[in-house]
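# Close look at the chain arrangement
Now for the letters of each chain:
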Amino acid sequence: MTSRLERITTQRLESLNRIRAHGIDPYPHSYHPSHNIKEAIALFREHGEKSPIVSLAGRIVARRSMGKMAFLDIRDGWEKIQLCFRRDLLDEGRYELLKEFDIGDFIGAQGKLFQTRTGEITLEVTDFTMLSKSLCPLPEKWHGLTDVEIRYRQRYLDLICHKEVRDVFALRSQIIAAIRNFLNSREFIEVETPVLQSQAGGALARPFITHHHALDEDFYLRIALELHLKRLIIGGFDRVYELGRVFRNEGISIKHNPEFTLLECYQAYSDYSDMMNLVEEMFANVAHEVLDKTKIAYDNKTIDLTPPWRRLYLREAIKTYCGVDFEDYPDAASLRSRMVELGMEVDPSKGRGRLIDELIATFVEPNLIEPTFLLDYPVEMSPLAKKKRGNDRLVERFEGFIAGVEIANSFTELNDPLDQRERFQQQARERCSDEEVEVVDEDFLEALEYGMPPTGGLGVGIDRLVMLLTGQPSIRDVILFPQLRKKI
């Protein structure tokens, strides 16, 4: 017994054959509409019945018949409009051809715009052509696509059925353009650095590994942009940034995707205080440019991105939210014991820095709703950051949090090559089985020995920023094609 989907597909294949039998190509090479639908509607609102003849194109999303008239609703990438087909304006054969058009097909139509009695702007069609025959039916009633798995796996259906989803990704494009405008206006230069790298560095993360057959060597997909961008600072570019995909072979959650978009920028002669100012200004500027406001709604909360943001020292934050002063626990063993007392399950292979990171994620992050900078991290958590002035146990680093989610990370960059080598070597000594640790990058160390000016560096998770500005609860809702398990 055939399914409903199989029957509909068979019917559409039969329709396709009939169209071809009439000598019509159902998949023409091109069609050049005179306007998009949004432009056509604006044209009619300005000129009314005096509007010129227009040609439009789009996907059929609804159809209705009323005696000697037929109506199709079509949608393009901007808007939707109604098409009116009258038997007395089309010869009999052309009018009958309409029967071969189904919901989901693409059509091109020419005619004059008018307004119906109900006020709907409509195109009275005098000529039309098929642009693409759809062989699969769209989800039932257009709003029937509610299965989240299908929405992510077949994103094209999600985009067809849900205008609000298309709006999110259109806004994502505007957000990225606004970031570029902001940085370009401050004389940053956008650059591109290698995705395939001989060593994965610049972050504490597990990389993906691939093999280059021509060189017969293993390469890593980059986990960060940092080390190559700092080479450019060394080379004489004083302000650089890159917006690029990075890859981390780690878990998947509503906040994590194995590949994501990262902004990193570096500014010579600056420190992390300068980068705090840059973050505040950039976030407020971008929100104002794309949303026309700096107060946004997220997760039933109103969040004000207007500078200045709250500054909170990491040590005080952890003490406030869980009663632990990490200065009282100078090694991993003592801190691990204290965390067990708090009822936490602790991985015995993790070092002190990773344990402190767990305290932040468990107790501090959920409380950072308003935009907040957490300042001054233990040195073992940040091998690429310069030590804090007046306290060698800490580094000048901040993380920016909004709505309980980390959204930015910044250092006063370490530019002492001898200190940097010792930090890398210390990390290697402590590595054991932990794969998420910086490795000694001799090429970067050699570059650093030629001299790097004082520099402030910044990383921003673009997907999380888009989540915030579009009000989306999951990172999968702002990535067009998120990673999913293979379909069984």
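An account of the accompanying structure is given in this report. (Residues numbered from 1 in each chain as written. Predicted model: local features only at pLDDT ≥ 70, side-chain atom pairs only at ≥ 80, totals over all residues. Heavy atoms only, no water.)

## A short note on the overall build of the protein chain
Within the protein chain one finds 14 helices and 19 strands. Seen through its C-alpha atoms, the protein chain measures out along the principal axes to roughly 85 × 55 × 50 Å. Across the 488 residues in the protein chain, those meeting the buried criterion constitute 50%. If you take every contact in the protein chain between residues at least 6 apart in sequence, the share linking residues at least 24 apart comes to 64%. Put simply, the protein chain shows about 24,200 Å² of open surface, and 51% of that area lies on carbon and sulfur atoms. If you average the places of the 65 positive and of the 79 negative side-chain charges in the protein chain, the two averages end up 7 Å apart. (Helix = DSSP H or I, 4+ residues; strand = E, 2+ residues; numbered from the N terminus. Buried < 20%, exposed > 50% of the residue type's maximum accessible area, 1.4 Å probe, protein only. Contact = heavy atoms within 4.5 Å. Areas by Shrake-Rupley, 256 points an atom, 1.4 Å probe, with all protein chains shown as cover. Lys, Arg positive; Asp, Glu negative; His and termini not counted. Charge placed at Lys NZ, Arg CZ, Asp CG, Glu CD.)

## Description of the pattern of salt bridges
Per the stated rule, a full pass over the model turns up 39 salt bridges. Arg352 is the salt-bridge partner of Glu380, the closest N and O atoms lying 2.6 Å from each other. Placement of the pair is Glu380 in the loop between β15 (372-378) and β16 (387-388) and Arg352 in helix α11 (residues 352-364), with a sequence separation of 28 residues. You can call Glu380 partly exposed: its relative accessible area is 23%. Several salt bridges converge on common partners, so that one network encompasses Arg87, Glu92, Glu96 and Lys99. (Salt bridge = Lys/Arg side-chain N within 4 Å of Asp/Glu carboxyl O.)

## Some words on the packing of aromatic side chains
For the structure on display, the rule yields five aromatic pairs. For the ring pair Phe283 and Trp309, a centre distance of 5.5 Å and an interplane angle of 80° mean the geometry is edge-to-face. Linking Phe283 in helix α8 (residues 272-291) with Trp309 in the loop between β13 (301-304) and β14 (310-313), this pair joins segments that are 26 residues apart in sequence. Judged by its relative accessible area of 2%, Phe283 is buried. Taking the relative accessible area as the measure of exposure, Trp309 reaches 4% and is therefore buried. Chaining the aromatic ring pairs together yields one cluster made of Phe283, Trp309, Phe373 and Phe398. The cationic tip of Arg94 hangs over the ring face of Phe128; the distance from NZ or CZ to the ring centre is 4.3 Å. Across the ring face of Tyr377, the terminal group of Arg397 is positioned such that the distance to the ring centre comes to 4.4 Å. (Phe/Tyr/Trp six-rings, centres within 6.5 Å; stacked < 30°, edge-to-face > 60°. Lys NZ or Arg CZ within 6 Å of the ring centre and 35° of its normal.)

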